[in-house]
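# Observations on the model geometry
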Amino acid sequence: MNVLLFGATGMVGQGVLIECLQAADVSLVQSVGRTALDQHHAKLRDVVHKDLLDYSAIESQLQGFDACFFCLGVTSSGKTEADYSHLTYYITLAAAKTLARLNPQMTFVYVSGAGTDSTEKGRSMWARVKGRTDKAAYMFRPGVIQPLRGVRSKTSSYQIFYSLTRPLLPLLRAMMPSTILTTEVMGQAMLAVARRGAAKLVLEAADINAIAAQKA
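Residues numbered from 1 in each chain as written. Predicted model: local features only at pLDDT ≥ 70, side-chain atom pairs only at ≥ 80, totals over all residues. Heavy atoms only, no water.

The strand order across the open sheet built from seven strands is 3-2-1-4-5-6-9, with neighbouring strands paired in parallel fashion. The two strands at the open ends of the sheet, each matched to only one other strand, are strand 3 (44–48) and strand 9 (202–204). Here the average twist between neighbouring strands, direction ignored, is 20°. Alignment of strand 1 (residues 2–6) against strand 4 (residues 67–70), held across four bridges, turns out to be parallel. Across the sheet, Leu 5 pairs through a bridge with Phe 69, a residue of strand 4. Relative to strand 5 (residues 107–111), helix 6 (residues 183–196) is tilted by about 155°, and along the sheet it contacts strand 4, strand 5, strand 6 (138–141) and strand 9. Together, strand 6 and strand 9 form the strand contacts of helix 7 (residues 205–213), whose direction differs from that of strand 9 by roughly 90°. (Pairing = 2+ DSSP bridges. Helix = DSSP H or I, 4+ residues; strand = E, 2+ residues; numbered from the N terminus. Axes fitted to C-alpha atoms, helices over the stretch in contact; angles between N-to-C directions. Contact = heavy atoms within 4.5 Å.)

If you want it as structure tokens, here you go:
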């Protein structure tokens, strides 16, 4: 299986990359992003591309893939709805349209968030924009995610939260395994969906956890 990965430098993307590189049935993981990765692996190919709204210059490098894991995301804090829409909706849509044309049989998995408003009419700007994006392929809507294996968040406020709650998250996850996920579970579930599909397109935290548990 050849996998495209967007957002490999983010917290979820880092975890997904680890799982992909360890998976025996993954032959190639190609990262696409604005900045180069700081790691090397026999399976890993890194494509640096600045304009995430236009892929015409690298279309030849985006063909022949079985799955795309779109983990590119930013915090909505401090952003207008127009700015957040640009970063969340239009960038995702540009990639999805291009990849659907180049790889018609591809499985596309997009990481959204718990509480996403698919009606696009809610009060929360974040939920409305995410809801507008959740229109095709498989949507992962996790809530709290525990970073494992040295994975860190690029958003300083999130990393502070994870650092402060590090002793508690394993306990909370043991008590609520279907609510609190891990970066490891996210990666395993994405690979499982790419291999076998899923019973529904929108997958909440409990669904993601259950799919990862059935990976074998």
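The structure having been displayed, the exposition proceeds.
Here the focus is the pairing of strand 2 (residues 28–33). For strand 2, a buried count of six out of six residues is recorded, marking the element as mostly surrounded by other parts of the structure. Taken together, the five bridges between strand 1 and strand 2 define a ladder with parallel strand orientation. Bridge pairing links Leu 5 to Ser 31 in strand 2. Remark: the strand 1/helix 1 (residues 11–22)/strand 2 crossover connection has right-handed handedness. Bridging between strand 2 and strand 3 involves five bridges; their strand directions are parallel. (Buried < 20%, exposed > 50% of the residue type's maximum accessible area, 1.4 Å probe, protein only. Right-handed = clockwise from strand over helix to strand, strands pointing away.)

The end-to-end C-alpha distance of helix 1 is 17 Å, a good match for the 16 Å that 12 residues give at a rise of 1.5 Å each. Among the 12 residues in helix 1, nine count as buried, and that is most of the element. Three or more residues of helix 1 are buried, namely Met 11, Val 12, Gly 13, Gly 15, Val 16, Leu 17, Glu 19, Cys 20 and Leu 21. (Expected span 1.5 Å × (residues − 1).)

So, about the packing of aromatic side chains. Aromatic ring pairs are described here by two measures, namely the spacing of the ring centres and the angle between the planes. For the coordinates displayed, the defined rule picks out four aromatic pairs. The interplanar angle of 85° and the centroid separation of 6.1 Å between the aromatic rings of Phe 6 and Tyr 55 together place this pair among those described as edge-to-face. With a gap of 49 residues between them, Phe 6 in strand 1 and Tyr 55 in the loop between strand 3 and strand 4 connect regions that are remote in the sequence. Linked through ring pairs, Phe 6, Tyr 55, Phe 70, Phe 108 and Tyr 110 together constitute an aromatic cluster. (Phe/Tyr/Trp six-rings, centres within 6.5 Å; stacked < 30°, edge-to-face > 60°.)

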